[in-house]
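# Coordinates in review
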Amino acid sequence: MLSHARQLQKGRDSSMSALIDARGIEKSFMYGKGKKLRKNRVLNGIDFSVNVGEFVSIVGPSGSGKTTLLNCLSGLEEIDSGSIALDGNLISSMNTIERDEVRRRLVSFVFQNLNLIPSLNAVDNVWIPARLSGKKATKKDALALLSGLGIADKAKDYPDLLSGGERQRIAIARSMATDSPIVFADEPTGSLDVDNTRAVMDIMRRESKQGNRAVVMVTHDLTAASYSDRVVILKDGMVAAELNHPAPHEIALLLEG
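Anyway, here's the lowdown on the structure attached to this text. (Residues numbered from 1 in each chain as written. Predicted model: local features only at pLDDT ≥ 70, side-chain atom pairs only at ≥ 80, totals over all residues. Heavy atoms only, no water.)

### Re the pattern of salt bridges
Put simply, the rule is: Salt bridge, as used here: a side-chain nitrogen of Lys or Arg that lies within 4 Å of a carboxyl oxygen of Asp or Glu. For helices the rule is a DSSP run of H or I covering at least 4 residues; for strands it is a run of E covering at least 2, with both sets numbered from the N terminus onward. Buried residues are those whose accessible area, probed at 1.4 Å on protein chains only, stays under 20% of the maximum for their type, while exposed residues exceed 50% and partly exposed ones sit between those limits.
Using the criterion set out here, one finds 15 salt bridges in the structure. For Glu-78, the salt bridge identified is with Arg-99, shortest N-O distance 3.5 Å. Taken together, the positions of Glu-78 in the loop between α1 (66–73) and β4 (81–86) and Arg-99 in helix α2 (residues 96–106) put the pair 21 residues apart, joining distant regions of the chain. Looking at Glu-78, the relative accessible area reads 47%, which means it is partly exposed. A relative accessible area of 7% means that Arg-99 is categorised as buried. One continuous salt-bridge network, built from bridges that share partners, spans Glu-54, Arg-230 and Glu-242.

### As for the sheet that holds strand β1 (residues 18–31)
The line we're drawing: In this description, strands pair whenever DSSP reports at least two bridges between them.
What the 4 strands build is an open sheet, ordered β2-β1-β4-β5; its pairing is antiparallel. The sheet is open, and its two edges are formed by β2 (38–51) and β5 (89–90), each paired on a single side. Where β1 and β2 come together, 11 bridges link them in antiparallel fashion. Of the residues in β2, the one forming a bridge with Met-30 is Lys-39.

### Remarks on the environment of Lys-139
Worth spelling out the cut-off: Contact definition: two residues touch when any of their heavy atoms are within 4.5 Å.
As for its placement among the helices and strands, Lys-139 is situated in helix α4 (residues 139–148). Sequence separation between Lys-139 and Phe-109 is 30 residues; the distance between their C-alpha atoms is 20 Å. The residues touching Lys-139, leaving out its near neighbours within four places in the chain, are Val-123, Asp-124 and Trp-127.

### A closer look at the nonpolar core
What counts, and what does not: Working definition of a nonpolar core: buried Ala, Val, Leu, Ile, Met, Phe, Trp, Tyr and Cys residues. They are joined through side-chain atoms within 4.5 Å.
Ranked by internal contacts, the top residues of the largest apolar core, which has 34 residues, are Val-126, Leu-146, Ile-170, Ile-172, Met-201 and Met-204. Looking at this core, the elements with two or more residues in it are α3 (122–132), α4, α5 (164–177), β7 (182–186), α6 (194–210) and β8 (214–218). A per-element tally of this core places α5 first, with 6 residues. In terms of nonpolar packing, the next biggest core, distinct from the first, is built from 30 residues, Ile-46, Leu-73, Ile-91 and Val-218 among them.

### Some words on the side chain of Asn-89
Along the polypeptide, Asn-89 turns up in strand β5. Beyond its immediate chain neighbours, meaning those up to four positions away, Asn-89 contacts Ile-84, Met-94, Val-102, Arg-105 and Leu-106.

Structure representation (structure tokens):
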């Protein structure tokens, strides 16, 4: 399996390093036309940080800004004000090309729609995208990752022959193959049953610890969120509360309050 040890900045304590450090994030979108043009503020002064080895979930009602926050943290969306640093790289002060390069080096994604390539079998879906992004992944590495996720026997199968849980594990293996220190996941269990949700969450939690990564997940699934080290609750574009190792009912109580 690929080694997830990585060289952190000199003098940095990896056990307490903030791989993601965001301060005062504000983000608005314009809607309407002409004289009816209006500004909708989606994020309203959010502070957010995640350390090495930490698994953090972001939850909140529809329209609270969860996905927008994830897109801003990953550099897919520019912010209006505030600052965002990924492993010490201040992406909020960079142009698009510079931001894309930092994201290529530091970030991998796991999405609900997975974006697997139908014409590639499982093992090729893992290592070929990593190689195309400039990583040193090999087919042998990919096979080891699939084995670690319990689906080595599916290595030669194509996505349309696999279950939702198996496809999701392939997507996770693909993110691991990039050896990126930061993983962003947007509703990764949205289409999975209870058993597969538990399996995928166990994998992501293990990966954040053993892989020296920061994992950030947006989810509406409170059971999935409860697997996290910390749950951040958004309401109206602001952090309403944070919980450490909460049970699902504890999250629900704060969402309803």
